[in-house]
Amino acid sequence: MAGLPRRIIKETQRLMQEPVPGIKAEPDEGNARYFHVVVAGPDGSPYEGGTFKLELFLPEEYPMSAPKVRFMTKIYHPNIDKLGRICLDILKDKWSPALQIRTVLLSIQALLSAPNPDDPLANDVAEQWKVNEAEAIATARSWTKSYAVPNSSK
Amino acid sequence: MIILVWLSVITLQSSSFQRLLSRIYTLTMGACLCKDTPRGSQGHPVEISDSVDNPSRRQVPLGHIVTEPLNHLDIIESLILNTMYNIKTLVDNDRALPHSLLAIHKIADTESGWLLVVSSLVKVIPLEDPLGPATITLLLDECPLPSKGTIAKITSNLKIGKKTALDERKSKNIQRQRNTCIVLGCLAEKMAGPNSTCLMTGNVLDYLFTNLESDCDPIVILHSIVALEKFAQTSENKSTISQALDQMVPNPLETLEAWGGVNGQLDTRREVTFCAQWTLDNLFVPTGRNFTYKSMDHSGKNVILNCNDVSENLKIAPSGLEARCDASSFESVRCTFQANTGVWYYEVMVITPGVMQIGWATKNSKFLNYEGNGIGDDEYSLAYDGCRQLIWYNAKCEHHSHPCWKPGDILGLLLDLDKQEIIFSLNGNCLPAYNQVFAHARSGFFAAASFMSFQQCEFNFGMKPFRYPPKVAFKKFNDYGSLTDEEKLILPRHMRLALLRQVTVKEDSCTICFDKQDTVMLLPCDHTGFCMDCAMQLEVCPLCRTNIEQRKQVVVRTNSVKILNKDDGVHGTESEETKPGMKSAKTEDEKIQICMTDVESSTDAHSALEATSTHTESS
């Protein structure tokens, strides 16, 4: 909250006024650099029907350095590991200060639609994806059901 | 074997792991663990920075390290204690690594293992060790996230509920109570959102509320308040807790806040008072709350902690002179007064005995709270750590000869800008002078401090008499500083955020910072929409990633972009030092809204990024 940069204020205003379809991003009430994010599993993907909770931090150097984003909901995906960390180039070396919270979240949504087992973060998942894609997709679907469907028992 | 261990550590890229360990291993390990260090931060050479992206290294089998049969309770318990011990002692121990931490991580991979780890944490983390709570935070942060099913199991395994709270209080099992609260708080923070709501069952609430009763041990009360605060990170929980509190007569937090009336004590009750007051002002605000900031007497106060120069999770008391961190990040703050010449002194009263790095910093010192970098972790700051008995400079540490600090101790901090030296004292006992920081900064110093989880201290900038004034002639901040009445107000967070949100942004502002005017064109790609400050921080164009060769100050007119430098095509005649003063020719009428007046339009999307550098919208 320290002298919150205008950039963050502006982005936040915009996110609230014109939310991205399928994505909810709300700043924490006590910490304007911390966003509670919920991404809906894209239609046609094994994550369809699930709602995935993420956390997004804007570090001190934002926008010169990338936001820190992590899945809080367990997900079976070759580019997301079990701690929820995401392997996505724009969150690392391909970050550009012209990108923003909105574009980052869109990219993550796209990553759910198009898993990339050739650039894995979760090796075992990627392996499974390559060896037996149908089964991997089935697993992803069942994880979605278990962990990402609201009011499911587990 | 050694190599295996190394690689495993490197691949365990959790920010929290790095955060804490970078505090501990910076000297030897920092280099390997700081892959998250953002561009532009100084100090840490990144040796193996790409390891996380290299999948072949990620899956080093940890089974090679843990040869004993897993999931055995005794082993888990000793591993936990080992980790705690390592955190404390391995500050500069060259290559010894906490195998224990890796082993626990491995064990917690399965649900049953995770449950065992959590129950063991509750059972074995001792009350007395100042790093105990931090160890719980670290280990839980490092373990995989539990599922909803696992969450249900943990609350029943620990028998969390009102009855247990009362039984534990009766049997004085303070250690178990406190650890349970810390675990609950950590999980609530870690899983903020729907899962945190799942965790906050009626039993959990009963347990925490029962722990707020005044005859409970203050340490248990304290961590129950903090746990409630962390549950309240999820709005649904927050309203549940607020409603429940509203129905209790009297509100237990108000009762605890009133403890503060008995002044001068230095036990945990002071922390309880601080946290109760903070939550009442900031989170669970009762109707008709008389906010503390309104009734604060600020007379004679000319310097305080700067509420505009603090990382976002630090709690500053309404007095402006006391601060506390309950987050898992490493939170920092500077004071409002800057010292440029002469000899200056301030004192800090230690309230909690854990890790704080207190010292001196210039404005250039960065607060990278989530990376674990604070005061003493760059070349612009120097700090004293009385818990691990270290002096920190540029993220490197050296031992000092003082004993561990304890609550009530007075840290004295003397800055001699004439002799270029800094002298720390604990209860009047001085260390030799340190001067490393003057290699990079000779003036512009602020009193500054960083706090690990659950740490708190109080600052005296000279408004009260000093307890151990130095023997040399010195100046007090409070005699030279000045603050307007408004600047003295430490507003509750929701009020500050509401004020901030009202800020508007001008149409012609820089598309990166939204703060200054967009006056710069990048060459050779010709992209515009940036101020000089941002442009100077960029190496490649944010829109097309073309390497920047020149940054030109431009004036935007109705039909064309006029470049002030007539030697338009000649590279090198206009240096990067071009000063923004040239924009003065620009009047309001002459401006047009070029397409990039808004981050949205300029960047909506990757299409802008993918576009080639033949971008011509402004020519």
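Each value, and the rule that gives it
Residues numbered from 1 in each chain as written. Chains lettered and ligands numbered in written order. Predicted model: local features only at pLDDT ≥ 70, side-chain atom pairs only at ≥ 80, totals over all residues. Heavy atoms only, no water. Pairing = 2+ DSSP bridges. Helix = DSSP H or I, 4+ residues; strand = E, 2+ residues; numbered from the N terminus. Contact = heavy atoms within 4.5 Å. Axes fitted to C-alpha atoms, helices over the stretch in contact; angles between N-to-C directions. UniProt positions renumbered as here; feature names shortened; annotations may be inferred. Salt bridge = Lys/Arg side-chain N within 4 Å of Asp/Glu carboxyl O. Buried < 20%, exposed > 50% of the residue type's maximum accessible area, 1.4 Å probe, protein only. 1 Å grid on protein atoms, 1.4 Å probe; cavity = no way out; pocket = protein on both sides within 12 Å on 5 of 7 lines; lining within 4 Å. Points joined across faces, edges and corners; volume = space filled by probe spheres on them. Expected span 1.5 Å × (residues − 1). Phe/Tyr/Trp six-rings, centres within 6.5 Å; stacked < 30°, edge-to-face > 60°. Lys NZ or Arg CZ within 6 Å of the ring centre and 35° of its normal. Parallel < 35°, antiparallel > 145°, perpendicular 65-115°, else oblique. Nonpolar A, V, L, I, M, F, W, Y, C, P; charged D, E, K, R; others polar. Core = buried A, V, L, I, M, F, W, Y, C linked by side-chain atoms within 4.5 Å. Domains from an automatic or database assignment.

Draft legend 1. Spatial organisation of the sheet that holds strand 11 (residues 421-426) of chain B. Residues and elements named next belong to chain B. Spatially, 7 strands are ordered 2-3-14-5-10-11-12 in an open sheet, and the strand pairing comes out antiparallel. Each edge of the sheet is formed by a strand with only one pairing partner; in this case those strands are strand 2 (315-316) and strand 12 (429-430). By the bridge criterion, 4 bridges tie strand 3 (residues 322-325) to strand 14 (residues 455-460) in an arrangement that is antiparallel. Its bridge partner lying in strand 14, A323 is registered against C457. On the sheet, helix 17 (residues 268-282) packs against strand 2, strand 3, strand 5 (343-350) and strand 14 and is oriented at approximately 85° with respect to strand 3.

Draft legend 2. Spatial organisation of the UniProt feature "active site" (unreviewed entry) in chain A. All names here are of chain A. As annotated in UniProt, the feature "active site" (unreviewed entry) corresponds to C87 in the numbering used here. Along the chain, C87 falls in the loop between strand 4 (68-71) and helix 2 (101-113). Those residues within four positions of C87 in sequence are excluded, and the remaining contacts are N79, K92, L111, D119 and L121.

Draft legend 3. Structural context of the pattern of salt bridges. All names here are of chain B. Taken as a whole and assessed by the stated rule, the structure comprises 31 salt bridges over all chains. Salt-bridge contacts for R169 lead to E213; the nearest nitrogen and oxygen are separated by 3.0 Å. In this pair, R169 sits in helix 10 (residues 162-170) while E213 sits in the loop between helix 13 (202-210) and helix 14 (218-231), placing the two residues 44 residues apart along the sequence. For R324, the salt bridge is made with D326, and the minimal N-O distance between the two is 2.9 Å. Exposure remark for D326: the relative accessible area of 1% places this residue in the buried category. A cluster of three or more residues bridged by salt bridges with shared partners is formed by E229, E271, K315, R324 and D326.

Draft legend 4. Spotlight on the pairing of strand 11 of chain B. Residues and elements named next belong to chain B. Across the 6 residues that make up strand 11, a large majority, 5, are buried. Bridge count between strand 10 (residues 410-416) and strand 11: 6 bridges; the pairing is antiparallel. Bridge pairing in strand 11 places L411 opposite L426. In this antiparallel pair of consecutive strands, strand 10 and strand 11, the connection spans 4 residues, and Q420 shows a positive phi of 55°.

Draft legend 5. Looking closely at empty space enclosed by the protein. Residues and elements named next belong to chain B. Throughout the structure, instances matching the rule amount to 7 cavities of 30 Å³ or more. Considered as a void within the structure, the largest cavity measures approximately 260 Å³ in volume. As for the largest cavity, its lining consists of 22 residues, and the residues nearest its centre are W278, N282, I316, I490 and L491. Counting only elements with at least two residues in the lining of the largest cavity, the list comes to helix 17, strand 1 (305-310), strand 2 and helix 19 (493-501). With 5 residues, helix 17 is the single largest residue contributor to the lining of the largest cavity.

Draft legend 6. Broad picture of helix 17 of chain B. With 15 residues, helix 17 of chain B should reach 21 Å at 1.5 Å per residue; the first-to-last C-alpha distance of 21 Å fits that figure. Within helix 17 of chain B, 14 of the 15 residues are buried, which leaves the element mostly enclosed by the surrounding structure.

Draft legend 7. Highlighting the UniProt feature "domain: RING-type" (unreviewed entry) in chain B. UniProt feature "domain: RING-type" (unreviewed entry): in the numbering of this structure it lies at residues 510-545 of chain B. For the annotated span residues 510-545 of chain B, helix accounts for 17% and strand for 19% of the residues, and the straight-line distance between the end C-alpha atoms is 18 Å.

Draft legend 8. Region of the structure containing the packing of aromatic side chains. Enumeration over the complete set of coordinates arrives at 27 aromatic pairs over all chains. Where F52 of chain A meets F71 of chain A, the ring centres are 6.2 Å apart and the plane angle is 75°; that geometry is what we call edge-to-face. Taken as a pair, F52 of chain A in strand 3 (residues 51-57) and F71 of chain A in strand 4 lie far apart in primary sequence, 19 residues in all. No difference in accessibility class separates F52 of chain A from F71 of chain A, as the two residues are buried. With a centroid separation of 5.8 Å and an interplanar angle of 45°, the aromatic rings of Y384 of chain B and W405 of chain B are classed as tilted. With Y384 of chain B in strand 7 (residues 381-385) and W405 of chain B in the loop between strand 9 (396-399) and strand 10, the pair connects residues that are 21 residues apart, well separated along the chain. For the residue pair Y384 of chain B and W405 of chain B, the accessibility class agrees, reading buried in each case. Directly above the ring of W278 of chain B sits K315 of chain B, whose terminal nitrogen or CZ lies 4.8 Å from the centroid.

Draft legend 9. Representation of the packing of helix 3 (residues 123-131) of chain A against helix 4 (residues 133-148) of chain A within the structure. Residues and elements named next belong to chain A. One can describe the packing of helix 3 onto helix 4 by two numbers: an axis separation of 5 Å at closest approach and a directional angle of 130°. By the angle class used here, helix 3 and helix 4 are oblique. Seen from helix 3, the contacting residues are Q128, W129 and V131; seen from helix 4, they are E133, E135, A136, I137 and A140. Residue composition of the contact of helix 3 with helix 4, grouped by class: 5 nonpolar, 1 polar and 2 charged.

Draft legend 10. Spotlight on the nonpolar core. Judged by nonpolar contacts, the single largest core of 128 residues is most densely connected at Y346, I358, F451, F461 and F477 of chain B. Looking at which element gives the most residues to this core, the answer is helix 14 of chain B, with 9 residues. Shared between two domains, this core takes at least three residues from each, and those domains are domain 1 (1-144) and domain 2 (305-494) of chain B. Dropping the residues within four chain positions of it, I358 of chain B is found in contact with Y346, V348, L382, A383, Y384, W405, L411, L413, F424, A448, A449 and C457 of chain B. Formed by 43 residues, the second largest nonpolar core is a distinct cluster that contains F71, I75, I90 and L91 of chain A.

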